[in-house]
There are 2 protein chains.
Amino acid sequence: MTLRDMALEKMRAAIIAGHFQSGDRLVERPLCDQLGVSRSVVRETIRYLEAEGLVEILPNKGPIVAKLDWENAQQIYEIRMLLETSAAQKCAELAKDGDKKKLGKALAQLKLAYSSGETNDLFEATTLFYQCIFDISGQNVAWEVVQRLNGRISRLRAMTLGTRDRHDAGYKRIEKIYSAIETNDPQAAAAAIQLHLTEAANIAKTLLTAELSKSEK
Amino acid sequence: MTLRDMALEKMRAAIIAGHFQSGDRLVERPLCDQLGVSRSVVRETIRYLEAEGLVEILPNKGPIVAKLDWENAQQIYEIRMLLETSAAQKCAELAKDGDKKKLGKALAQLKLAYSSGETNDLFEATTLFYQCIFDISGQNVAWEVVQRLNGRISRLRAMTLGTRDRHDAGYKRIEKIYSAIETNDPQAAAAAIQLHLTEAANIAKTLLTAELSKSEK
DNA sequence: GGTGATAAGATGGTATACCATAATACCGAA
DNA sequence: TTCGGTATTATGGTATACCATCTTATCACC
């Protein structure tokens, strides 16, 4: 693994974890110190993150962590809705026994993460579960797209997961997705994932608008 | 505009125009000469293109122009189908008179481009038309996604447009999309754009498989 | 003559030093 | 207090040096 890859992961993780706030400037040389790499690496990393949409570059100002408004977040949730519905549908059509086993394992991990309450575990387990679905449906490009979009709303997702683990309705909805796939019922799988995403989007909207109105004070 | 932006556009254009073949190595130092910039700029540009998916990086080998197989291209067409259907639908719902005027203008340009037969004009006009649709539907994030995906199949699209302008069925299908939007008929708009895309994907498949079987000889 | 080892070159990866320019903050004079 | 200039800071951009690795070509030895 190259230095750049490591720097990339660290920065991405830092942004997702909220270590850098949205709108924060990303000054190159301090970043070099923090990451322990040279400017070349930092600059190339920033270029990559810029293309990913996690970082914006203000002309003659430099890079900042991309700002997130509900307008854009909503669009992202809508796109996810389309892609994930399609993936769940196909997944339910195609899933063989081996696939179901793998998905079941991901579900078990997810259950564990829900009960542990660790937002980070929850985050990873959720990602794994979705990855499984896209994997089975054979839509790796769509998965790439979803992941990239998720990066842009990662902080929002972390917040959403954080609140949702209190009401455990979230897990139940995911279980429904699983059982629809397990019984190879595309319709039900699509419906279940739509329900789940709609709910997630609603929570996200509440949280984000609350945060924005607070920061305007 | 920074040097990087220029280098980025040049490289992207060169890849799309087929000046660099898929699988070609992108050796840094020669690129510096060709673009007239330093290695740093070239490297950052490559990083960006890597994130865009236009360039792959082989470990210990360096960057190459991303290879395109039908497997991935098909997935991209499927994603476009979802996103563009949704956009056309929303566009047909929302389009006001002013929007329709703009779209009509884009259509007129497209007609011109079709009759001129310049693949490049056709490419731009098509892009403009679609941009208009996404614009009206208010889905700028989805447009970003589509554009990025299109970058990855750009060569394929250019080939497709090149053959399609011979049969002018392509323009007629686009006209149908327009008229569906013009009459605010979401169902028809969705159907029209699906037809158009399916056709494009079919042509693309034919061309790509033909090319691949030829290069295997 | 064929095979394997070694040396040379090419390439990627990393680090640093340097310059020009733009923005900004600060400070002194009117 | 305000205006204007200066110093600082950060960026964009360039050049270069260094090392590791991979490829390739050469050459000696079997």
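Everything below is about the structure shown above.
Residues numbered from 1 in each chain as written. Chains lettered and ligands numbered in written order. Predicted model: local features only at pLDDT ≥ 70, side-chain atom pairs only at ≥ 80, totals over all residues. Heavy atoms only, no water.

A. Looking closely at the pattern of salt bridges. Counted by the stated rule, this structure contains 20 salt bridges over all chains. A salt bridge links Arg43(B) to Glu44(A); the nearest nitrogen and oxygen atoms lie 2.8 Å apart. Residue Arg43(B) is found in helix α3 (residues 39-52), and its partner Glu44(A) is found in helix α3 (residues 39-52); the two belong to separate chains. A relative accessible area of 4% places Glu44(A) in the buried class. A salt bridge links Arg47(A) to Glu44(B); its shortest N-O distance comes to 3.1 Å. One end of the pair, Arg47(A), is in helix α3; the other, Glu44(B), is in helix α3, on a second chain. Note on accessibility: Arg47(A) and Glu44(B) belong to one class, buried. Taken together, the shared-partner salt bridges connect Arg4(A), Glu44(A), Glu28(B), Arg39(B), Arg43(B), Arg47(B) and Glu50(B) into one network. (Salt bridge = Lys/Arg side-chain N within 4 Å of Asp/Glu carboxyl O. Helix = DSSP H or I, 4+ residues; strand = E, 2+ residues; numbered from the N terminus. Buried < 20%, exposed > 50% of the residue type's maximum accessible area, 1.4 Å probe, protein only.)

B. Helix α2 (residues 28-35) of chain B, seen in detail. Residues and elements named next belong to chain B. Taken residue by residue, α2 has Glu28, Leu31, Cys32 and Leu35 as its buried positions. Summarising the axial view, the buried residues of α2 lie within an arc of 105 degrees, below the 170-degree limit, and thus occupy one face. In α2, the exposed positions that point more than 90 degrees away from the buried face belong to Arg29, Asp33 and Gln34. Check the buried side of α2 and you find it contacts α1 (3-16) and α3. (Arc of directions from axis to C-beta. Contact = heavy atoms within 4.5 Å.)

C. Spotlight on a nonpolar patch on the surface. Taken together, the side chains of Met1(A), Leu3(A) and Met6(A) present a nonpolar region at the surface, about 340 Å² in accessible area. Note on placement: Met6(A) falls in helix α1 (residues 3-16). (Patch = residues over 30% accessible without salt bridge, like charges linked within 9 Å, V, L, I, M, F, W, Y side chains within 5 Å. Areas by Shrake-Rupley, 256 points an atom, 1.4 Å probe, with all protein chains shown as cover.)

D. Up close: the protein's contact with DNA strand C. Around DNA strand C, a shell composed of 20 residues is seen, among which Leu3(A), Ser38(A), Ser40(A), Lys61(A) and Arg39(B) lie nearest. Sugar and phosphate atoms represent 64% of those atoms of DNA strand C found within 4 Å of the protein. The separation between a base nitrogen of DNA strand C and a polar side-chain atom of Ser40(A) is 3.0 Å. Between DNA strand C and the protein, one listed contact pairs a phosphate oxygen with a side-chain N or O atom of Lys61(A) at 3.2 Å. Looking at the surface near DNA strand C, the elements that each hand over two or more residues are α1 and α3 of chain A together with α2, α3 and β2 (62-65) of chain B. A per-element tally of the surface near DNA strand C places α3(A) first, with three residues. Classifying every residue of the surface near DNA strand C gives six nonpolar, five polar and nine charged. (Near = heavy atom within 4 Å. Polar contact = N/O pair within 3.5 Å; in protein donor to acceptor, adjacent residues only side chain to side chain. Nonpolar A, V, L, I, M, F, W, Y, C, P; charged D, E, K, R; others polar.)

E. Representation of the relation of the copies chain B and chain A within the structure. Mapping chain B onto chain A calls for a rotation angle of 180 degrees and an axial translation of 0.0 Å; the resulting RMSD is 0.2 Å. Between the two chains, the operation in question is that of a two-fold axis. A share of 100% of interface residues in chain B that are also interface residues in chain A marks the association as one of identical surfaces. (Least-squares fit on C-alpha atoms with pLDDT ≥ 70 in both.)

F. View of the nonpolar core. Within the largest apolar cluster, 99 residues are counted, with the highest numbers of intra-cluster contacts made by Phe129(A), Ile133(A), Ile181(A), Phe129(B), Ile133(B) and Ile181(B). Among residues more than four places away in sequence, those in contact with Ile181(A) are Ala88(A), Cys91(A), Ala92(A), Ala95(A), Lys100(A), Leu103(A), Ile133(A) and Ala189(A). (Core = buried A, V, L, I, M, F, W, Y, C linked by side-chain atoms within 4.5 Å.)

G. Up close: the state of the cysteines. All names here are of chain A. Within the structure shown, the criterion is met by zero disulfides over all chains. Of all cysteine sulfurs, the one in Cys91 lies closest to Cys132, which takes part in no disulfide; the gap is 7.9 Å. By relative accessible area, which is 11% here, Cys132 ends up buried. (Disulfide = S-S within 2.5 Å.)

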